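# Chains, contacts and geometry: an overview
In case you want the letters, here they are:
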Amino acid sequence: MKELDIATPIIARGYDELDDIDRALVDAAKSAIAGSYAPYSHFKVGAAILLENGVTVTGANQENVAYPSGTCAERSACFYAGARYPGVGFARIAVAAVGPDGKPTAQPTAPCGACRQSLLEYEKLSGHPVPVLLAGAEEIYILPSVASLLPLAFTEF
């Protein structure tokens with residue numbers, strides 16, 4: 001028998017500690033929240049992906065009464081990026097959320113499992129680790145890659 005110890009390295013920074021590129025990406029994710037359609041959960045999420053060509057694409061969660069017909073912000077952004085800019089790799093990803101109280105979530109909000117798997121496939125297509133920024137009200141968590149969000153991921157594709 002062997003025991004595995006899986007750890008996720010996370011850097012926690014304040015908004016003012018981010019460089020200009022990361023600050024702009026977090027701002028884009030926060031702005032994308034305005035496009036959210038969340039009449040059922042009232043939990044609004046925005047995502048922004050900086051592509052390797054310098055373009056930033058955004059997405060917002062879209063709910064539907066015929067659950068699970070909606071989609072999350074992260075998948076709406078990554079699928080749009082893949083459709084609009086085929087073959088262009090991802091450079092960085094940022095996610096921000098507003099809770100039912102209408103305020104930014106206190107803790108950074110991480111993507112759901114389906115989004116993690118979808119983003120992981122785009123990271124693999126990019127050919128390098130894609131850093132992830134998760135924005136909360138006070139702190140931004142910076143993870144070194146999408147893979148760090150999903151240990152023991154399905155990667156045989």
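The structure this text deals with has already been given above.
This text gives an overview of the structure that appears in the document.

## A few points about the overall build of the protein chain
On a plain count of helices and strands, the protein chain comes out with 3 helices and 6 strands. Secondary structure elements of the protein chain occur, N-terminal to C-terminal, as β-α-β-β-α-β-α-β-β. Here the C-alpha radius of gyration of the protein chain, 15 Å, is about what a compact globule of 157 residues would show, namely 15 Å. Based on the C-alpha atoms only, the size of the protein chain along its principal axes is roughly 45 × 40 × 35 Å. For the protein chain, the accessible area works out to roughly 8600 Å², and carbon and sulfur atoms hold 56% of it.

## Quick look at the layout of surface pockets
Roughly 400 Å³ of volume is contained in the largest pocket. Along the wall of the largest pocket there are 21 residues; nearest its centre are N61, E63, Y67, T71 and C72. Its residues assigned to classes, the lining of the largest pocket comprises 10 nonpolar, 8 polar and 3 charged.

## Details of the pattern of salt bridges
Applying the stated criterion to the full structure yields 2 salt bridges. Residue R23 is joined to D20 by a salt bridge in which the shortest nitrogen-to-oxygen separation is 3.1 Å. Taken together, the positions of R23 and D20, both in helix α1 (residues 20-32) and 3 residues apart, correspond to about one turn of that helix. The exposure class of R23 is partly exposed, given its relative accessible area of 21%. Classification of D20 by relative accessible area gives exposed; the value is 60%.

## Digging into the packing of helix α2 (residues 73-84) against helix α3 (residues 113-126)
Where α2 contacts α3, the two axes come as close as 9 Å, and the packing angle between them is 25 degrees. The pairing of α2 with α3 is recorded here as roughly parallel in orientation. With respect to the hand of their crossing, α2 and α3 are arranged in left-handed fashion. Between α2 and α3, the contacting residues are E74, R75, C78, F79 and G82 on the first element and A114, C115, S118, L119 and Y122 on the second.

## A closer look at the sheet that holds strand β3 (residues 56-60)
Pairing within the open sheet is mixed, and its 6 strands lie in the order β1-β6-β5-β4-β2-β3. Sheet topology places β1 (11-13) and β3 at the edges, where each strand pairs with a single neighbour. This sheet shows a mean twist of 20 degrees between the axes of neighbouring strands, independent of strand direction.

Procedures and definitions
Residues numbered from 1 in each chain as written. Predicted model: local features only at pLDDT ≥ 70, side-chain atom pairs only at ≥ 80, totals over all residues. Heavy atoms only, no water. Helix = DSSP H or I, 4+ residues; strand = E, 2+ residues; numbered from the N terminus. Rg over C-alpha atoms; globule rule 2.2 N^0.38 Å. Areas by Shrake-Rupley, 256 points an atom, 1.4 Å probe, with all protein chains shown as cover. 1 Å grid on protein atoms, 1.4 Å probe; cavity = no way out; pocket = protein on both sides within 12 Å on 5 of 7 lines; lining within 4 Å. Points joined across faces, edges and corners; volume = space filled by probe spheres on them. Nonpolar A, V, L, I, M, F, W, Y, C, P; charged D, E, K, R; others polar. Salt bridge = Lys/Arg side-chain N within 4 Å of Asp/Glu carboxyl O. Buried < 20%, exposed > 50% of the residue type's maximum accessible area, 1.4 Å probe, protein only. Axes fitted to C-alpha atoms, helices over the stretch in contact; angles between N-to-C directions. Parallel < 35°, antiparallel > 145°, perpendicular 65-115°, else oblique. Left-handed = near helix turned anticlockwise from the far one by under 90°. Contact = heavy atoms within 4.5 Å. Pairing = 2+ DSSP bridges.

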